[in-house]
Each structure stands twice: as structure tokens, then as C-alpha cells.
Amino acid sequence: RATRLIRARHVFHDHFGSVQVDHGAPLGLRVAMRAGVDCYVGVDDRLCDWAHSVAGLPATKIHLIRSGIDLSRFDDASALDLRSVFDFPTDSVVVVMVANFRRQKDHPTLFRALADLPDQQREQLRVVLVGSTDTEPAYFDECTSMIDRLHLGKQVTIVGASEDVPALLRGA
């Protein structure tokens, strides 16, 4: 009711919170969304499906606006020589993953895939992980433990948050 006292449109924007982990929605959130939200904007089909099937919003109030990146910021970026900076072998294949260490980014799938590669391919591959390590500290700790447990320390380099993402990507 309180949301109707303010003469303004109410937009609920979701950018993956914990919907992928917890497919439910508390009663208070469902009631508030149905009664007080004029528009729901999700960045992924799964979020929009959740808003309709779980939160109970009518499809007419749900809008999908995908996340995007302005690629022009990469046009003038100089490539960082990752093999030199991280002392990788000159013949290594370098992959850069840009994603904050949050559960929904699913780093463990990458680690398992890397561990499952044939030895020769795994030895040639180097993965540079770029993204905040302090958003979900327990998840980051799980990831570093998994890297150790799967013996991937030689293949995986964690940079953490970086302002130089274009140069890192161009250097891969």
C-alpha cells in the first residue's frame, strides 16, 4: 500500500541476485511485487521467467533488457603481453575470464573442465581470472580451494579486480 502513496512508477530490476540458487520468493516479496510494481526488468530470460512463474507478475509487466558492453572501449586498447607479465610459456594458449567471484558466475565449471582436459592440452593452457574477489569471500575461498584440490595452480592466475580489462582481453 505504501508504494501507491508515492506518485511514481515502481520498476523492479533484477540482475541475478540469488534466483539461480533459490528458486522461490518470500511471500512479502511476491505481494509487494504484485501490488506495487509497475514494471519488472530482467537481464536474462531466466529472470523474466522467474518474475512470471514464481513472483506471479503478469507477462505484460515483464521486460527483458539484456546486459551489454560498449565494444568501442576496446578499439584503442593496447594489448598487454600476458605471457610476459605472468611468465607464461611463449607457446601457451591464454584465456581471460572477466567475472566477479560470485556464485552465479560458476567458476567451478571452468575449473572442472580444465581439470578434465588431456594432460598435454591442460599444460598448454593458461587461464587468467579477472574480477572482484571480495564480493562473496566464502565463494572466492571455495574457488581457490578447488584450484588447489584439482592441482590447477600452474594453469589458473587470479588477477582480481582490474581497471585494465580491455588490455587484458586484447592480450589473450
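Before any of the text, the structure's been laid out above.
It should be emphasised that the depicted structure is a prediction, and the values quoted were computed from it without experimental measurement.

Rules of the game
- Residues numbered from 1 in each chain as written.
- Predicted model: local features only at pLDDT ≥ 70, side-chain atom pairs only at ≥ 80, totals over all residues.
- Heavy atoms only, no water.
- Helix = DSSP H or I, 4+ residues; strand = E, 2+ residues; numbered from the N terminus.
- Buried < 20%, exposed > 50% of the residue type's maximum accessible area, 1.4 Å probe, protein only.
- Salt bridge = Lys/Arg side-chain N within 4 Å of Asp/Glu carboxyl O.
- Core = buried A, V, L, I, M, F, W, Y, C linked by side-chain atoms within 4.5 Å.
- Contact = heavy atoms within 4.5 Å.
- Pairing = 2+ DSSP bridges.
- Axes fitted to C-alpha atoms, helices over the stretch in contact; angles between N-to-C directions.
- Parallel < 35°, antiparallel > 145°, perpendicular 65-115°, else oblique.
- Nonpolar A, V, L, I, M, F, W, Y, C, P; charged D, E, K, R; others polar.
- Phe/Tyr/Trp six-rings, centres within 6.5 Å; stacked < 30°, edge-to-face > 60°.
- Arc of directions from axis to C-beta.
- Polar contact = N/O pair within 3.5 Å; in protein donor to acceptor, adjacent residues only side chain to side chain.

(A) Region of the structure containing unusual backbone geometry. Even without a glycine there, the phi angle at Asp87 is positive, about 55 degrees. Tracing the backbone through its elements, the reader meets Asp87 in the loop between helix H4 (82–85) and strand S4 (93–98). Unusually for a residue other than glycine, His151 sits at a positive phi of about 60 degrees. Of note, His151 is situated in the loop between helix H7 (137–149) and strand S6 (156–160). Of the residues examined, His151 reaches a relative accessible area of 67% and is grouped as exposed.

(B) Structural detail: the pattern of salt bridges. Tallied over the full model, the rule gives five salt bridges. Ionic pairing is found between Arg66 and Asp45, a salt bridge with its closest N-O pair at 3.1 Å. With Arg66 in the loop between strand S3 (62–64) and H4 and Asp45 in helix H3 (residues 45–53), this residue pair connects regions lying 21 residues apart in the sequence. Residues Arg103 and Glu142 are paired through a salt bridge, measuring 3.0 Å at the closest nitrogen-oxygen approach. Of this pair, Arg103 sits in the loop between S4 and helix H5 (107–116) while Glu142 sits in helix H7; the two residues are 39 residues apart in sequence, bridging distant segments of the chain. Exposure remark for Arg103: the relative accessible area of 38% places this residue in the partly exposed category.

(C) Region of interest: the nonpolar core. Membership of the largest hydrophobic core comes to 15 residues, with the highest contact counts inside it found for Phe101, Phe111, Leu114, Leu129, Leu152 and Val156. Of all the elements, H7 adds the most residues to this core, at five residues. Ignoring sequence-local partners within four residues, the contact set of Val156 consists of Phe111, Leu114, Val127, Leu129 and Ile147. In terms of nonpolar packing, the next biggest core, distinct from the first, is built from 12 residues, Leu47, Cys48, Trp50 and Ala51 among them.

(D) Up close: the sheet that holds S3. Overall, parallel pairing links the three strands, which are arranged S1-S2-S3 in an open sheet. Whereas interior strands pair on both sides, the edge strands pair on one side only; in this sheet they are strand S1 (11–14) and S3. Averaged over all pairs of adjacent strands, the angle between strand axes in this sheet comes to 20 degrees, irrespective of strand direction. Note: strand S2 (residues 39–42) against S3, three bridges, orientation parallel. Directly across from Tyr40, in S3, lies its bridge partner Ile62.

(E) Looking closely at the packing of H5 against H7. Across the interface, H5 lies against H7 with an axial gap of 10 Å and an inter-helix angle of 0 degrees. On the basis of their axis angle, the class for H5 and H7 is roughly parallel. Across the interface between the two elements, His107, Pro108, Phe111 and Arg112 from H5 touch Tyr139, Cys143, Met146 and Ile147 from H7. Residue composition of the contact of H5 with H7, by class: six nonpolar, one polar and one charged.

(F) A look at the packing of aromatic side chains. Under the defined criterion, the tally for this structure stands at three aromatic pairs. For the ring pair Tyr40 and Trp50, a centre distance of 6.4 Å and an interplane angle of 45 degrees mean the geometry is tilted. Of the two residues, Tyr40 sits in strand S2 while Trp50 sits in helix H3, which places them 10 residues apart along the sequence. Taken as a pair, Tyr40 and Trp50 share a single burial class, namely buried.

(G) Expanded view of H3. Among the residues of H3, Leu47, Cys48, Trp50 and Ala51 are the ones counted as buried. Buried positions in H3, seen along its axis, are confined to an arc of 155 degrees and lie on one side of it. Lining the buried residues of H3 we find S1, helix H2 (27–36), S2 and S3. Of the residues flanking the start of H3, the one acting as N-cap is Asp44, its side-chain oxygen 2.7 Å from the backbone nitrogen of Arg46.

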